Amino acid sequence: MHASWIALIAVVILIALAVHVLFLRKLLGGKKESPELPAKQAEEKEIAPAPPAPEKKAPPELEAPELKAELKAKGAVAEEPGAADVSLVNVPAPIAAPPPPVISKKEVAGLRKGLAATRGGFMAKLKAIFTGKKEIDPAILTQMEEVMISSDVGVKTTQAILARVRDGMAKNELTDSDAVWASLRAEATRILTISAPRAPKGTPHVILMVGVNGVGKTTTIGKLATKWNADGKKILLAAGDTFRAAAVQQLEVWGRRVGVDVVKGKEGADPGSVAFEATKKAQESNADVLLVDTAGRLHTKVNLMDEIKKVKRTIAKAMDGAPHETLLVLDATTGQNALTQAALFKEALELTGIILTKLDGTAKGGIVLGVCDELKVPVRYVGLGERAEDLREFVAADFVEALFGKDDDESEAA
């Protein structure tokens, strides 16, 4: 009897333990392993890596950096202790700013010397507006406008530049004189940076030179011939100004000085025929460059403008694709009149570049900005003196530095 009770109690205890174990397994979500599981499979299951946790993405409303920062400040977005502030979205790396243009100190020094009149006139007046002013008053824009227009920058270009400055001031981006001056420099660089057309392959490279009377076309041709001849190029000149004997003689003087041939016709000959003959000779003699001079013509005379178009067509008959460039020569001392000339020549001919002569003889060098901004034609060369080396290739970064930069003595004082 006693033994029976002991056996009964043992059975009850075993049943209770079994129920308890089953309850715990159910509670913990465990699963009873099959006793028949092979040893190798059990081992593989034991060492199998756990699947990666699904990536948690922030709700769209939290992806905005400003909202996230606000929520974090209010404690609505938790941050792990000691963890770095990692954005909820992948922010692309900032695009590196383009490298600043390379400026030649030697070229700038020469340009600054040649632009002394403009620096002492136009630029000196602009600088005087800012002198002694720590804060910029919007009324200063009126003074700047007067100086720029009087320095032949042109009304349209002046208004475009000042509109950008005014916008910067409204956004509190331009709060002092240095910032405004830097903005003017940036605008000048933007306006003057116009890509020149790529030179076509093959020779000869035919260049048609055009412009009104007295701008210095023939002299400019002689200077270009001197420069390129020194670079080892074979140059040929065409005396297309057949109406003025002095022009032919002047070009022949340059030819003898440089050591290059000049193709000319009889006085009063058809300029188109001279250009045609010169183009053919340039091809036969394997010349690298042919420079074609033309008679100075009033830009307001329709018949003369039609004639220069005829010369251009004649050159094209002699050589496919020629002339490869049509360069307009302008006298910088004529100011806004030069801009008017340029607009009419551009309308009649497909200009590829502009050469500004006598820039050293004017205090109103702002004409360069007006020409580039309104015509969208690149300035290729600027004349800063009588010598051949004074015809300088135009580089926007160098030119802006020469105009807006400080002199050596100013830099040392600063």
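To keep things clear, this report deals only with the structure shown in the data block. Source: prediction; values computed, not measured.

**Concerning the side chain of Thr 157**
Right, so step 1: For Thr 157, the location among the structural elements is in helix α7 (residues 155-170).
Right, so step 2: With relative accessibility at 0%, the residue Thr 157 sits in the buried group.
Right, so step 3: Setting aside chain neighbours within four positions, we find Thr 157 in contact with Ile 191, Leu 369, Gly 370, Asp 373 and Glu 374.

**Regarding the sheet that holds strand β8 (residues 391-393)**
Right, so step 1: Spatially, eight strands are ordered β3-β2-β4-β1-β5-β6-β7-β8 in an open sheet, and the strand pairing comes out mixed. Since the sheet does not close on itself, it has two edges, and those belong to β3 (261-263) and β8, each with one partner. Pairs of neighbouring strands in the sheet enclose a mean axial angle of 25°, with direction left out of account.
Right, so step 2: In this structure, strand β5 (residues 325-331) lies alongside strand β6 (residues 353-357), joined through five bridges in parallel fashion. Note that in β6 the partner of Leu 330 across the bridge is Leu 356.
Right, so step 3: Sitting on the sheet, helix α9 (residues 217-230) is in contact with β1 (205-210), β2 (235-240), β4 (289-294), β5, β6, β7 (379-383) and β8, with an inclination near 170° to β4.
Right, so step 4: Along the sheet, helix α11 (residues 271-284) contacts β1, β2, β3 and β4; its crossing angle with β2, the most-contacted strand, is approximately 170°.

**A look at the packing of aromatic side chains**
Right, so step 1: Applying the stated criterion to the full structure yields three aromatic pairs.
Right, so step 2: The interplanar angle of 80° and the centroid separation of 5.8 Å between the aromatic rings of Phe 130 and Trp 181 together place this pair among those described as edge-to-face. Taken together, the residues span a long stretch of sequence, with Phe 130 in helix α5 (residues 116-130) and Trp 181 in helix α8 (residues 177-192) at a distance of 51 residues. For the residue pair Phe 130 and Trp 181, the accessibility class agrees, reading buried in each case.
Right, so step 3: Pairing Phe 394 with Phe 399 gives two aromatic rings, centres 5.0 Å apart and planes at 50°, and the pair type is tilted. The burial state of Phe 394 is the same as that of Phe 399; both residues are buried.
Right, so step 4: Joined through ring pairs, the aromatic side chains of Phe 130, Trp 181 and Phe 404 make up one cluster.

**Some details on the nonpolar core**
Right, so step 1: With 97 residues, the main nonpolar core has Leu 126, Met 144, Leu 192, Met 209, Leu 291 and Val 368 as its most contacted residues.
Right, so step 2: Ranked by the residues each element gives to this core, the list is headed by α8, at seven residues.

**With respect to the pairing of β2**
Right, so step 1: Counting buried residues in β2 gives six out of six residues, a clear majority hidden from the surface.
Right, so step 2: The alternating pattern of β2 places Ile 235, Leu 237 and Ala 239 and Leu 236, Ala 238 and Gly 240 on opposite faces, both of which are buried.
Right, so step 3: Relative to β4, β2 runs parallel, the two sharing six bridges. Each residue of the ladder has a partner; that of Gly 240, found in β4, is Thr 294.
Right, so step 4: As paired elements, β2 and β3 share three bridges and run parallel to each other. Paired with Leu 236 across the bridge in β3 is Asp 261.
Right, so step 5: In this view, the connection linking β2 to its parallel neighbour β3 by way of helix α10 (residues 245-258) has right-handed handedness.

The rules behind each value
Here, residues in each chain are numbered from 1, in the same order as that chain's written sequence. Since the coordinates come from a predicted model, pLDDT governs what is reported: local features require at least 70, and pairs of side-chain atoms require 80 or more to be given and counted, while whole-chain, interface and lining totals use all residues. Computation of side-chain values covers all heavy atoms of the structure but excludes hydrogens and water. Strands are runs of DSSP state E lasting at least 2 residues, helices are runs of H or I lasting at least 4, and numbering of each runs from the N terminus. We call a residue buried when its accessible area falls under 20% of the maximum for its residue type, exposed when it is over 50%, and partly exposed in between, using a 1.4 Å probe and counting protein chains only. The contact rule is simple, with two residues in contact once any of their heavy atoms fall within 4.5 Å. The rule for pairing is simple: two strands pair if DSSP sees at least two bridges between them. Axis geometry follows a simple rule: fit a line to the C-alpha atoms, using only the stretch in contact for helices, then measure angles between N-to-C directions, giving values from 0 to 180 degrees. The pairing test for Phe, Tyr and Trp rings, Trp by its six-membered ring, is centres within 6.5 Å, and the orientation test on the planes gives stacked under 30 degrees, edge-to-face over 60, and tilted for anything in between. The set of buried Ala, Val, Leu, Ile, Met, Phe, Trp, Tyr and Cys residues whose side-chain atoms join them within 4.5 Å is what this entry labels a nonpolar core. Consider the strands pointing away from the viewer: the crossover is right-handed when the path from the first strand over the helix to the second runs clockwise.

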